[in-house]
Amino acid sequence: QAQLVESGGGLVQPDGSLELSCKASRFIFSVFAPDVWGWYRQAPGKERELVASIATGAAAEYEDSVKGRFTISRDNSRKTVYLQMSNLKPEDTAVYYCNALKPDKQPKYNWGQGTQVTVSS
């Protein structure tokens, strides 16, 4: 019944790189493609925050703390959203989730399980 499956997380050293994938295989193309998709993260004891988003044929948007370090992309034909992360910092440690965005930037669908990213030396 899970609609969103995140993967690619793991343990990485500071300044390292990691690529996350979000597969929305159960979505049909005509639903996936028009949606704005984004990546959220949640650290223990903190609110879940949107860090990056992208609409089809539009420029990506990023939260200030990841600007210049993270790149979000999407492949509509594969119904997949990616997050390429570089120059990782300990403050990036969190569980990362994907979701489509409603116009007010709130999540549109039920959350997946997320994928843990830990940045530590």
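Right above here is the structure, for reference.
Rules used throughout
- Residues numbered from 1 in each chain as written.
- Predicted model: local features only at pLDDT ≥ 70, side-chain atom pairs only at ≥ 80, totals over all residues.
- Heavy atoms only, no water.
- Pairing = 2+ DSSP bridges.
- Helix = DSSP H or I, 4+ residues; strand = E, 2+ residues; numbered from the N terminus.
- Buried < 20%, exposed > 50% of the residue type's maximum accessible area, 1.4 Å probe, protein only.
- Contact = heavy atoms within 4.5 Å.
- Phe/Tyr/Trp six-rings, centres within 6.5 Å; stacked < 30°, edge-to-face > 60°.
- Lys NZ or Arg CZ within 6 Å of the ring centre and 35° of its normal.

Enquirer: I would appreciate a short explanation of the pairing of strand S8 (residues 80-85) in the present structure.
Expert: Side-chain direction in a regular strand flips from residue to residue, so the side chains alternate between the two faces of the sheet. When strand S3 (residues 18-23) meets S8, the two strands line up antiparallel, connected through six bridges. In the strand pairing of S8, Ser-21 is matched with Tyr-82. Sheet analysis places strand S7 (residues 70-75) next to S8, joined by six bridges and oriented antiparallel. Residue pairing in the sheet places Arg-74 in a bridge with Val-81 of S8.

Enquirer: Looking at this structure, I do not really get the environment of Gly-16. What am I missing?
Expert: On the secondary structure map, Gly-16 appears in the loop between strand S2 (10-12) and S3. Note on Gly-16: relative accessible area 16%, which makes it buried. Expressed as a C-alpha distance, the spacing of Gly-16 and Val-81, which sit 65 residues apart in the sequence, is 21 Å. Once you skip the residues sitting within four places of it in the chain, Gly-16 turns out to touch Met-85, Ser-86, Asn-87 and Leu-88.

Enquirer: Could you clarify how one ought to interpret the packing of aromatic side chains in this entry?
Expert: Two measures describe an aromatic ring pair: the distance that separates the ring centres and the angle between the ring planes. With the rule as written, the count across this model stands at six aromatic pairs. On the numbers, 4.9 Å between centres and 25° between planes, the contact of Phe-32 with Trp-37 is stacked. Of the residues examined, Trp-37 reaches a relative accessible area of 0% and is grouped as buried. Taken together, the ring pairs in this structure connect Phe-27, Phe-32, Trp-37 and Tyr-109 into an aromatic cluster. Between the NZ or CZ atom of Arg-48 and the centre of the ring of Tyr-97, over which it lies, the distance is 4.4 Å. Just above the ring of Trp-111 sits the side chain of Arg-48; from NZ or CZ to the centre is 3.8 Å.

Purely geometric stuff here, so don't read any function into it on its own.
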